[in-house]
Amino acid sequence: MPNPEQARRIGFSAGKRLGSAVVRNRCKRRLRECYRLHQLDVPAGMDIIFVARRSMVGAKWTDIVAAFLEALRRSRGMIEKNRSGYMKRLIVWIIMFYRNAISPWKAPCCRFVPDML
């Protein structure tokens with residue numbers, strides 16, 4: 001999620017269902033270490049929250065790092081899609097599809113007709 005300060009803000013979370021406090025803290029420490037090693041790969045100006053999952057409890061360090069980097073790659077792709085106006089184009093396309101394909105077949109239910117975007 002973008003933040004206006006252009007700073008990296010990272011959160012680490014581990015729920016009680018993960019295990020005892022020792023297990024939860026160990027998972028968060030491992031996530032923090034992943035972040036410390038790869039903090040330059042995290043896009044600036046983003047708020048990211050990493051949530052430890054059950055599979056992380058017995059996972060090898062290499063698997064955790066790989067999953068961390070995969071999550072960063074995914075988030076970078078979502079950021080680029082949002083910056084390119086992908087969501088706006090998708091919403092406009094859905095509205096136009098509704099107006100052209102579905103709306104003519106429905107009976108009018110109100111007098112309000114929105115203007116084109």
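Scroll up to find the structure.
Residues numbered from 1 in each chain as written. Predicted model: local features only at pLDDT ≥ 70, side-chain atom pairs only at ≥ 80, totals over all residues. Heavy atoms only, no water.

### Here we look at the side chain of Arg30
Right, on to step 1. Residue position: Arg30 is located in helix 1 (residues 21–38).
Right, on to step 2. For the buried residue Arg30, which engages in no salt bridge, the nearest side chain bearing the opposite charge is Asp63, 8.6 Å off. (Helix = DSSP H or I, 4+ residues; strand = E, 2+ residues; numbered from the N terminus. Buried < 20%, exposed > 50% of the residue type's maximum accessible area, 1.4 Å probe, protein only. Lys, Arg positive; Asp, Glu negative; His and termini not counted. Salt bridge = Lys/Arg side-chain N within 4 Å of Asp/Glu carboxyl O.)

### A closer look at helix 1
Right, on to step 1. For helix 1, which comprises 18 residues, the first-to-last C-alpha distance of 26 Å matches the rise-based estimate of 26 Å (1.5 Å per residue) to within 8%.
Right, on to step 2. Taken together, the buried positions of helix 1 are Arg24, Cys27, Lys28, Arg30, Leu31, Cys34, Tyr35 and His38. Along helix 1, the residues classed as buried sweep out an arc of 155 degrees about the axis, all on the same side. (Expected span 1.5 Å × (residues − 1). Arc of directions from axis to C-beta.)

### Thoughts on the environment of His38
Right, on to step 1. As for its placement among the helices and strands, His38 is situated in helix 1.
Right, on to step 2. Residue class for His38 comes out buried when judged on its relative accessible area of 18%.
Right, on to step 3. Spatially, the C-alpha atom of His38 lies 9.1 Å from that of Phe68, the residues being 30 residues apart in sequence.
Right, on to step 4. When neighbours within four sequence positions are excluded, His38 is seen to be in contact with Val65, Phe68, Leu69 and Leu72. (Contact = heavy atoms within 4.5 Å.)

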